[in-house]
Structure formats: C-alpha cells, structure tokens
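Understanding the architecture of this molecule
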Amino acid sequence: VLEFKTCLRQSDSLDETAQKALRQIQEKRYHINLFQRGIKSVIALGLAFRGKEVAVTHRELSPREAEPIAEEKERNNHCEKPS
C-alpha cells in the first residue's frame, strides 16, 4: 500500500512527512481489504517528496491489524438488527 505526500515548504521535513503518510495508511486502514481477500503479507510505504528529493518509510502490516479496533467493535455491538 502506497501513500504519497508532497512537501511544499522548505521547512517541512521529508522524513516527518513520510511518517505522516505511513500513519495515514494505518489510521484509514487502507490495508484491511487486502487481508479480507486472503493476502497474507502487506507492506505499507509512506513516500514524501519535494522536487527531486524523496524520503521513504515502510512497515510490514499484520493480519491482526485488520481486526476491528476496540471502539469499532463496541459501536458494532450497539447496532440494531433489522426487524
């Protein structure tokens, strides 16, 4: 899973921006569908660039991270079932 970010200001750190991209993949759970389809291994790449400068960070995501987070499980438990 790839997430690209652009550093528009010189004051922005490429490394920090690449980390933000990686966090976005995890927070928005872009990888969930892949595990649900039976993919066993997912690598998340956060890429940041400014002109020709690039920073990349990565993390291997596990199927365990595809499980609903606690508050999501709790919210799903309170859903009413149709009559």
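A few words on the confidence of the model for the protein chain. On average, residues of the protein chain score 81 in pLDDT, and 77% of them reach the 70 mark or higher. Taking the mean pLDDT of every element in the protein chain, the minimum, 39, falls on helix H3 (residues 70–77) and the maximum, 96, on strand S1 (residues 2–6). This stretch, residues 69–83, has a pLDDT under 50; its non-local contacts, to residues over four places away or in other chains, come to three contacts.

Moving on, we get to the pattern of salt bridges. Counting across every chain of the model gives two salt bridges. With its nearest N and O atoms 3.4 Å apart, the salt bridge here joins Asp12 to Arg9. Residue Asp12 is classed as partly exposed on the basis of its relative accessible area, which comes to 22%. Its salt-bridge partner being Glu53, residue Arg50 comes within 3.5 Å of it at the nearest N-O pair.

With mixed pairing, three strands are arranged side by side in an open sheet as S1-S2-S3. Each having just a single partner strand, S1 and strand S3 (53–61) make up the two edges of the open sheet. Strand-to-strand twist of the sheet, defined as the mean angle between neighbouring strand axes without regard to direction, takes the value 15°. For strand S2 (residues 42–50) and S3, the ladder comprises nine bridges, and the chain directions are antiparallel. From the neighbouring strand, Val42 faces S3, where its bridge partner is Leu61.

Our focus in this paragraph is a nonpolar patch on the surface. Together, Leu2, Phe4, Phe49, Val54 and Val56 give the surface a local cluster of nonpolar side chains, amounting to about 470 Å² of exposed area. Of all the secondary structure elements, the ones that give two or more residues to the nonpolar patch are S1 and S3. By relative accessible area, which is 48% here, Leu2 ends up partly exposed.

The rules we used
Residues numbered from 1 in each chain as written. Predicted model: local features only at pLDDT ≥ 70, side-chain atom pairs only at ≥ 80, totals over all residues. Heavy atoms only, no water. pLDDT = per-residue confidence, 0-100. Helix = DSSP H or I, 4+ residues; strand = E, 2+ residues; numbered from the N terminus. Contact = heavy atoms within 4.5 Å. Salt bridge = Lys/Arg side-chain N within 4 Å of Asp/Glu carboxyl O. Buried < 20%, exposed > 50% of the residue type's maximum accessible area, 1.4 Å probe, protein only. Pairing = 2+ DSSP bridges. Axes fitted to C-alpha atoms, helices over the stretch in contact; angles between N-to-C directions. Patch = residues over 30% accessible without salt bridge, like charges linked within 9 Å, V, L, I, M, F, W, Y side chains within 5 Å. Areas by Shrake-Rupley, 256 points an atom, 1.4 Å probe, with all protein chains shown as cover.

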